[in-house]
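Spelled out, the chains give:
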Amino acid sequence: MANYTKFWKVWLRLNLLTKDVDNDYTAEVSTMKNTLRNEDIAQRIVDEGSEYKYDTLLSIINQHDRVIREAVMDGYSVLTKTCQYTPRVAGSWIGSSAKFDPEKHKVTLDLILASEMRESLSHVGVEVLTVKDSGANIGLVTDTTTGLSNDTITPGDDIRIDGDKIKIIGEAEGVGVFFIASDGTEHPVTRRLTTNDPKCLLARVPSDLADGQYTLRIVTQFSNNSTLLKDPRTIEYERPLTVGNGGSGGGDRPEIE
């Protein structure tokens with residue numbers, strides 16, 4: 001019997017990517033609401049009884065991250081106790097004399113779990129809660145540029161949003177698709193939606209999004225009948241979407257955009 005010391009709670013959702021939608025489910029981890037940042041990590045170390053002060057620890061952690069970024073920029077593969085960062089250039093190269101073209105090629109990273117992290121995850125069990133409410137929801141976001149559904153998005157390109165009751169309709173104030181920055185700033189999708197159906201949207205990510213994490217928000221008056229909702233419904237994707245470095249995927253070799 002496995003020696004589980006931690007447990008992830010998961011909701012079951014109907015799998016939107018298969019035809020057998022009546023009996024095929026995917027597990028959605030019920031993550032904590034707040035994303036931990038370096039400030040939180042430093043505080044946790046202090047709470048464990050570190051002899052170093054909070055400001056000193058935070059400075060060291062931030063310096064650690066900066067050194068990793070610079071090493072990767074120099075072309076190094078970096079292995080920590082958490083993961084290994086491996087440089088990669090994505091895209092198709094036609095002919096042996098092909099040159100780098102930023103319109104066709106993309107500088108990115110592969111992320112591989114370190115042995116210490118794999119060992120830690122072996123002690124994590126899973127507790128299934130129940131099937132999540134099948135009401136209005138965002139179930140999956142896919143970056144159409146990379147084809148990946150690992151919560152990274154590309155400014156200036158489209159994302160595919162799969163869900164239920166997400167069609168954008170209504171004239172009430174605030175109706176639309178928005179990317180909410182960590183400081184609360186709203187970045188609306190201003191381009192006409194290529195696809196606007198109850199279960200699928202194709203939306204253009206604003207080209208001015210800076211690197212960081214964003215919450216995808218949909219505001220709509222859509223209902224299942226011909227009568228619009230009197231008050232708009234707000235639907236948010238439970239997983240943060242990442243622009244730039246720092247994204248993480250759901251497999252052993254996710255891609256960081």
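Here, the structure is the one placed above.
Everything quoted here is computed from the prediction, not taken from an experiment. Counting of residues starts from 1 at the beginning of each chain's written sequence and follows it residue by residue. Residue-level local features of this predicted model are given only where pLDDT is at least 70; pairs of side-chain atoms are given and counted only at 80 or more, and the full residue set underlies all totals for whole chains, interfaces and linings. The basis for the side-chain values is all heavy atoms of the structure; hydrogens and waters are excluded.

**Topic: helix α2 (residues 54–73)**
Quick reminder of the rule: Secondary structure elements follow DSSP: runs of H or I no shorter than four residues count as helices, runs of E no shorter than two count as strands, and numbering proceeds from the N terminus. A helix's residues, less one, multiplied by 1.5 Å, set its expected span. Burial classes: relative accessible area under 20% of the type maximum marks a residue as buried, over 50% as exposed, and values in between as partly exposed (1.4 Å probe, protein chains only). This arc corresponds to the set of directions leading from the helix axis out to the C-beta atoms.
Its 20 residues give α2 an end-to-end C-alpha distance of 29 Å, which sits within 8% of 28 Å, the value for a rise of 1.5 Å per residue. Every buried residue belonging to α2 is among L57, L58, I61, I68, A71 and V72, and all of these are buried. Summarising the axial view, the buried residues of α2 lie within an arc of 160 degrees, below the 170-degree limit, and thus occupy one face. Seen from the buried face of α2, the exposed residues on the opposite side, beyond 90 degrees, are D55 and M73.

**Comments concerning the pattern of salt bridges**
Put simply, the rule is: Salt bridges, as used here, are contacts in which a Lys or Arg side-chain nitrogen is within 4 Å of a carboxyl oxygen on Asp or Glu.
This structure, assessed with the given rule, holds nine salt bridges. The partner of K81 in a salt bridge is E116, with the nearest N and O atoms 3.4 Å apart. In this pair, K81 sits in the loop between β3 (78–79) and β4 (83–90) while E116 sits in helix α3 (residues 115–121), placing the two residues 35 residues apart along the sequence. K81 sits in the exposed class, given a relative accessible area of 62%. Its relative accessible area of 34% is what places E116 among the partly exposed residues. Here D164 makes a salt bridge to K199, at a shortest N to O gap of 3.2 Å. Here K199 lies in the loop between β11 (195–196) and β12 (200–204) and D164 lies in strand β8 (residues 158–164), a separation of 35 residues in the sequence.

**Examining the nonpolar core**
To be explicit about the condition: The definition of a nonpolar core used throughout is a set of buried Ala, Val, Leu, Ile, Met, Phe, Trp, Tyr and Cys residues joined through side-chain atoms within 4.5 Å. Should any heavy atoms of two residues lie within 4.5 Å, those residues are considered in contact.
I138, I161, F179, L216 and I218 are the most contacted members of the largest nonpolar core, which has 23 residues in total. Among the secondary structure elements, those contributing two or more residues to this core are β7 (137–143), β8, β9 (176–181), β12, β13 (212–220) and β15 (241–243). The residues contacting I161, other than those within four sequence positions of it, are I138, L140, I166, K199, C200, L201, A203, L216 and I218. Core analysis: the next-biggest nonpolar cluster, separate from the first, contains five residues, I68, A71, V72 and V78 among them.

**Things to note about the sheet that holds β7**
In plain terms, the rule: The rule for pairing is simple: two strands pair if DSSP sees at least two bridges between them.
Spatial ordering of the open sheet is given by β7-β8-β12-β11, a layout of four strands whose pairing is antiparallel. Because the sheet does not close on itself, it has two edges, and the strands there are β7 and β11. As paired elements, β11 and β12 share two bridges and run antiparallel to each other. Its bridge partner being in β12, N196 is matched across the sheet by L201.

**Focus: the side chain of T142**
For T142, the location among the structural elements is in strand β7. On the accessibility criterion, T142 (15% relative accessible area) is buried. With sequence-adjacent residues up to four places away left out, T142 is seen in contact with G147, L148, S149, D158, I159 and R160.

**Points about the environment of G170**
Its location among the elements puts G170 in the loop between β8 and β9. C-alpha separation for the pair G170 and P232, spaced 62 residues apart in sequence, amounts to 8.0 Å.

**Side note on unusual backbone geometry**
Phi is positive for D151, which is not a glycine, with a value near 75 degrees. Structurally, D151 is set in the loop between β7 and β8. Phi at K165 takes a positive value of approximately 60 degrees, unusual for a residue other than glycine. Counting through the fold element by element, K165 comes out in the loop between β8 and β9.

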